[in-house]
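Letter by letter, the chains look like this.
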Amino acid sequence: MAQRETWTSRVGFIFAAVGSAVGLGNIWSFPFQTASNGGAAFLVVYLLAVFLIGFPTMLIEFVIGRRSKQNAVSAFSELGYGNWTFAGAIGVFASFVTLSFYSVVGGWVISYIIGSVTGGYLGQAGTFFGTVSSGTVAIVAHAGFMAITIAIVAGGVADGIERATKFMIPAILVLLIGLAAWASTLSGSAAGYAYYLSPDFGVIATNFTSIVPSAMGQAFFTLSLGFGVMIAYASYLGRDDSLPADSAIIVVLNTIVALLAGFAVFPILAATSGVGGASGGAGTAFVALAGAFGQLPAGQIIGLVFFVVLLFAALSSSISLLEAPSSYVVDRYGVDRPKVAVGIGLVSFVIGIVPAYGYVGLFNDLVFNILLPVAVLFIALFAGWVANRESVDELGRGTTLGQGVTTLWLWWVRVVIPIVVVYTLYLGVTNFYGGLVSGAYF
């Protein structure tokens, strides 16, 4: 069997992991989730979810991946717990399902880049979205986005994923900082900052049951947790890297990008159509922002820059979503990576035809509210109660962490994360069922 691939450097791994985390979830989903759930009220709950639940959960995935040196499914068997492979399989399934609708949204981004060049959405944002978001145009753009994703993953860990993310992540940061700085100069931007940064805790209390599952799902989605992606990425790591340090860097950079997206989006909306314009379904953020760009000086250029940033972010995550199932097939069956990437990508493309006809919201909420919490719950139970000795030992490698810190992490994983995730899952299932019964998804 051919030697297993590895990252060429620690920086390469961090960029790839940040790239997986920094995706549409940060720049597309985060603003409309924030706008739909009370603005700064949602931001408070989201930040708590990221640092109190997301960060220790990322360590779980890193521990399992590096310890096993295997993909998310085979990792459990490699560690001697073959009856737990279902936990990794749930994550890989979630990754596969997400890629199918994620690529559709990525196709929207391609259409909006073209629209920025031609001026297609200026003055008719709603009509343009209706044209590109469903049907033949959406399927063609979906195919284009999936083809780019397949090409990068087929290139391998170092030559494909690592090389692409080393370019895209700095580009995303530079362009977002520029957009946020420009947005701060707009007349009326202060209202956007107030909405984004001044929490009304009464809103949290009143809407707790809807904000919590949205914030938790957003945290898992933006950190690529529950997909098996971070297990796969950590499996290419060396044993001398500090997992807590790497996780902290990834979580902080991911959060900075999400916050920057808010600093760019909400001032723009406040200066034009109003901050509430991004609330609602998955497509409303596209309509609201395209409409806002049409009202601004040099809006066509600003729109082009924004959607290019969004494309880089989308690709940096889509390649990780394809890598999760691809790494399993490559490890398990020894099939050439390019063939695997093409095969899985094509199947995901075909499934994506369904959300391309107007069901992105259904797929998105299935992943957010159910699949990711379930996957996180099982890996937390595994690391905390089943492979607890291996988990603590692996966490301490390459670090100077004392026993007190690793013990605190272990009990946090054993008790706090399962309780929070079970409650989140209950609320998520309830909300998802409500959407099905009410016909909101159809």
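In what follows, the structure referred to is the one given above.
The present account deals with the structure reproduced in this document. (Residues numbered from 1 in each chain as written. Predicted model: local features only at pLDDT ≥ 70, side-chain atom pairs only at ≥ 80, totals over all residues. Heavy atoms only, no water.)

## Overview of helix H16 (residues 337-352)
Compared with the 22 Å implied by 1.5 Å per residue over 16 residues, the 22 Å span of H16 between its first and last C-alpha is a close match. Regarding H16, the residues found buried are Arg 337, Val 340, Ala 341, Ile 344, Gly 345, Ser 348, Phe 349 and Gly 352. For H16, the angular spread of buried residues about the axis comes to 155°, placing them on one side. Opposite the buried face of H16, by more than 90 degrees, sit the exposed residues Lys 339 and Val 350. (Helix = DSSP H or I, 4+ residues; strand = E, 2+ residues; numbered from the N terminus. Expected span 1.5 Å × (residues − 1). Buried < 20%, exposed > 50% of the residue type's maximum accessible area, 1.4 Å probe, protein only. Arc of directions from axis to C-beta.)

## Considering a nonpolar patch on the surface
A cluster of nonpolar side chains, namely Trp 385, Trp 411, Val 415 and Ile 419, defines an oily patch on the protein surface of about 420 Å² accessible area. Top element by residues in the nonpolar patch is helix H19 (residues 403-438). It accounts for three residues. Of note, Trp 411 is situated in helix H19. Since its relative accessible area comes to 42%, Trp 411 is described here as partly exposed. (Patch = residues over 30% accessible without salt bridge, like charges linked within 9 Å, V, L, I, M, F, W, Y side chains within 5 Å. Areas by Shrake-Rupley, 256 points an atom, 1.4 Å probe, with all protein chains shown as cover. Salt bridge = Lys/Arg side-chain N within 4 Å of Asp/Glu carboxyl O.)

## Here we look at empty space enclosed by the protein
Inspection of the entire model under this criterion finds four cavities of 30 Å³ or more. Counting residues per element, the ones that place at least two in the lining of the largest cavity are helix H1 (10-21), helix H2 (24-36) and helix H15 (299-333). The element contributing the most residues to the lining of the largest cavity is H15, with three residues. (1 Å grid on protein atoms, 1.4 Å probe; cavity = no way out; pocket = protein on both sides within 12 Å on 5 of 7 lines; lining within 4 Å. Points joined across faces, edges and corners; volume = space filled by probe spheres on them.)

## Topic: the packing of helix H5 (residues 85-118) against H16
If you want to describe how two helices pack, look at the angle between their axes and the distance between the axes. Two elements in contact, H5 and H16, have axes separated by 8 Å at closest approach and are oriented at 65°. Between H5 and H16, the angle falls in the class roughly perpendicular. Classified by chirality, the crossing of H16 by H5 is right-handed. Contacts between H5 and H16 involve Phe 96, Leu 99, Ser 100 and Val 104 from the first element and Ile 344, Val 347, Ser 348, Ile 351 and Gly 352 from the second. Partitioned by chemical class, the residues of the contact of H5 with H16 number six nonpolar, three polar and no charged. (Axes fitted to C-alpha atoms, helices over the stretch in contact; angles between N-to-C directions. Parallel < 35°, antiparallel > 145°, perpendicular 65-115°, else oblique. Left-handed = near helix turned anticlockwise from the far one by under 90°. Contact = heavy atoms within 4.5 Å. Nonpolar A, V, L, I, M, F, W, Y, C, P; charged D, E, K, R; others polar.)

## Some points on the packing of H2 against helix H11 (residues 208-222)
Viewed as axis vectors pointing N to C, H2 and H11 meet at an angle of 175°, and their least axial separation amounts to 11 Å. Regarding the angle of H2 to H11, the classification is roughly antiparallel. The residues of H11 that touch H2, namely those facing Gly 25, Asn 26, Ser 29, Phe 30 and Gln 33, are Ser 214, Gln 218, Phe 221 and Thr 222. By residue class, the composition of the contact of H2 with H11 is two nonpolar, seven polar and no charged.

## Things to note about the pattern of salt bridges
This model, assessed by the stated rule, comprises six salt bridges. Linking Glu 394 and Arg 397 is a salt bridge whose minimum nitrogen-to-oxygen distance equals 3.5 Å. Take Glu 394: its relative accessible area is 0%, and that puts it in the buried class. Look at Arg 397 and you get partly exposed, because its relative accessible area is 33%. Via salt bridges that share partners, Arg 66, Arg 67, Asp 393, Glu 394 and Arg 397 belong to a single interconnected network.

## A word on the nonpolar core
The biggest cluster of nonpolar side chains holds 151 residues, and the ones touching the most others in it are Ile 27, Ile 172 and Phe 286. Apart from residues lying up to four places away in sequence, Ile 172 is in contact with Val 22, Ile 27, Val 257, Val 309, Phe 312, Ala 313 and Ser 316. Leu 362, Val 374, Ala 375 and Leu 425 belong to the second-largest nonpolar core, a separate cluster that totals eight residues. (Core = buried A, V, L, I, M, F, W, Y, C linked by side-chain atoms within 4.5 Å.)

## Quick notes on the packing of aromatic side chains
A complete count under the given rule lists 36 aromatic pairs for this structure. Between Phe 129 and Phe 286, the aromatic rings sit 6.2 Å apart at their centres with planes inclined by 25°, giving stacked as the arrangement. You can see Phe 129 sitting in helix H6 (residues 125-132) and its partner Phe 286 sitting in helix H14 (residues 284-293), a full 157 residues away along the chain. On the basis of relative accessibility, which here comes to 14%, the residue Phe 129 falls in the buried class. Classification of Phe 286 as buried rests on a relative accessible area of 3%. With 5.5 Å between their ring centres and 75° between their planes, Phe 167 and Phe 312 make a pair best called edge-to-face. Taken as a pair, Phe 167 in helix H8 (residues 157-183) and Phe 312 in helix H15 lie far apart in primary sequence, 145 residues in all. For Phe 167, a relative accessible area of 52% puts it in the exposed group. When its relative accessible area of 16% is taken as the criterion, Phe 312 is described as buried. Taken together, the aromatic side chains of Trp 108, Tyr 112, Tyr 121, Phe 128, Phe 129, Phe 286, Phe 293, Phe 306 and Phe 307 make up a single cluster linked through ring pairs. The ring of Trp 385 has Arg 414 sitting right over it, with the charged end atom 4.5 Å from the ring centre. Taking NZ or CZ as reference, Arg 414 lies 4.5 Å from the ring centre of Trp 411, over its face. (Phe/Tyr/Trp six-rings, centres within 6.5 Å; stacked < 30°, edge-to-face > 60°. Lys NZ or Arg CZ within 6 Å of the ring centre and 35° of its normal.)

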